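Each chain, written out:
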Amino acid sequence: MVEQAEVSVAASAQVDPSTVFAGTAVVEDWVLVGQAGAAPTQIGDDAILRAGTIIYGANQIGARFRTGNKANIREANTIGDDVSIGTLSVVEHHVTIGDRVRIHTQVFVPEYTILEEDVWIGPNVVITNSRYPASQSSKENLDGCILRSGCKIGANVTVLPGVEIGANALVGAGSVVTQNVPAGMVVAGNPARVIRPVEEIKDYKKSIQS
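I will try to describe carefully the structure that is included in this document. Model, not experiment: these values are computed from the prediction.

Basis of the calculations
Residues numbered from 1 in each chain as written. Predicted model: local features only at pLDDT ≥ 70, side-chain atom pairs only at ≥ 80, totals over all residues. Heavy atoms only, no water. Helix = DSSP H or I, 4+ residues; strand = E, 2+ residues; numbered from the N terminus. Rg over C-alpha atoms; globule rule 2.2 N^0.38 Å. Buried < 20%, exposed > 50% of the residue type's maximum accessible area, 1.4 Å probe, protein only. Contact = heavy atoms within 4.5 Å. Areas by Shrake-Rupley, 256 points an atom, 1.4 Å probe, with all protein chains shown as cover. Pairing = 2+ DSSP bridges. Salt bridge = Lys/Arg side-chain N within 4 Å of Asp/Glu carboxyl O. Phe/Tyr/Trp six-rings, centres within 6.5 Å; stacked < 30°, edge-to-face > 60°. Lys NZ or Arg CZ within 6 Å of the ring centre and 35° of its normal.

### Quick word on the overall build of the protein
Here's step 1: What the protein contains, in helices and strands, is one helix and 28 strands.
Here's step 2: Taken over C-alpha atoms, the radius of gyration comes to 18 Å for the protein, in line with the 17 Å a tight globule of 210 residues would show.
Here's step 3: If one aligns the C-alpha atoms of the protein with their principal axes, the spans along those axes are about 55 × 50 × 20 Å.
Here's step 4: Counting every position in the protein, which comprises 210 residues, the buried fraction comes to 42%.
Here's step 5: Residue pairs at least 24 apart in sequence account for 12% of intrachain contacts in the protein once pairs closer than 6 positions are excluded.
Here's step 6: Surface summary for the protein: the accessible area is close to 10,000 Å², and the carbon and sulfur share equals 50%.

In structure tokens, the structure reads:
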């Protein structure tokens, strides 16, 4: 780790000695970082790990990383700069998260998910990857979802395995997404269906065109 003067670690926190902080960090109470016997977790400058956060080994995390209380991040993930993972959210292993991704409270992100840059995920969203849960071949048939850059997922959405949500798409709250979502479209419902282009929403039009 860097010198203790640059990394503030609460007395109740446990940081594995292999962990590498690239700069300043605040590690609050009851945080666990790193994993004995695993590859080092590396965390970029200006990190804030809030109370109860658990980060396993072999994670590569960029600058200005933020967690809410009790966020749980499994091993071997690649996480970009300016990423926020909210309270009680779970990120499983081998997930790729791009720059400026915002994951709100109580979100579940399973293994092999790809979140491109500027993705926004609302509270209580569940992304899935198992086509045949609890089957004998479940682990051999995992199919991660891909959320393309700038897409936004409303609260309480469920995304089924293997679905790709297109760039700048908007998924309405409470939807169940069973099929790929075209780029730049609004979808909603169970199953989610195309409603209209996102650019027809005045508040989004300028950001999409820029």
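### Some words on the sheet that holds strand β21 (residues 146–147)
Here's step 1: Overall, parallel pairing links the eight strands, which are arranged β3-β6-β9-β12-β15-β18-β21-β24 in an open sheet. Of all the strands in the sheet, the pair left with one neighbour each is β3 (20–21) and β24 (164–165).
Here's step 2: Pairing analysis gives two bridges linking strand β18 (residues 114–115) to β21, with the strands arranged parallel. Bridging from a neighbouring strand, Leu 115 pairs with Leu 147 of β21.

### A word on the sheet that holds strand β22 (residues 152–153)
Here's step 1: Strand order in this open sheet of eleven strands is β1-β4-β7-β10-β13-β16-β19-β22-β25-β27-β28, and the pairing throughout is mixed. Among the strands making up the open sheet, the edge pair consists of β1 (7–9) and β28 (193–197).
Here's step 2: Bridge count between strand β19 (residues 120–121) and β22: two bridges; the pairing is parallel. Considered in β22, the bridge of Ile 121 is made with Ile 153.

### Focus: the pattern of salt bridges
Here's step 1: Inspection of the entire model under this criterion finds nine salt bridges.
Here's step 2: Note that Arg 148 is salt-bridged to Glu 116, the shortest N-O span being 2.6 Å. Separated by 32 residues along the polypeptide, Arg 148 in the loop between β21 and β22 and Glu 116 in the loop between β18 and β19 bring together distant segments of the chain.
Here's step 3: Close ionic contact of Arg 148 with Glu 164 constitutes a salt bridge, the shortest N to O distance being 3.1 Å. In this pair, Arg 148 is assigned in the loop between β21 and β22 and Glu 164 in strand β24, connecting sequence segments 16 residues apart.
Here's step 4: Classification of Glu 164 by relative accessible area gives partly exposed; the value is 29%.

### As for the packing of aromatic side chains
Here's step 1: Under the defined criterion, the tally for this structure stands at zero aromatic pairs.
Here's step 2: In this structure, Arg 74 packs its charged tip against the face of Tyr 56, placed 5.4 Å from the ring centre.

### Looking at unusual backbone geometry
Here's step 1: That bond from Asn 190 to Pro 191 is cis: its omega, 0 degrees, falls within 30 degrees of zero.
Here's step 2: Within the element layout of this structure, Pro 191 appears in the loop between β27 (185–188) and β28.
Here's step 3: Notably, Gln 106 is not glycine yet its phi reads approximately 55 degrees, a positive angle.
Here's step 4: Exposure remark for Gln 106: the relative accessible area of 41% places this residue in the partly exposed category.
Here's step 5: Of note, the phi angle at Asp 118 is positive, near 65 degrees, even though the residue is not glycine.
Here's step 6: With respect to the helices and strands, Asp 118 occurs in the loop between β18 and β19.
Here's step 7: Overall, Asp 118 belongs to the partly exposed group, its relative accessible area being 32%.

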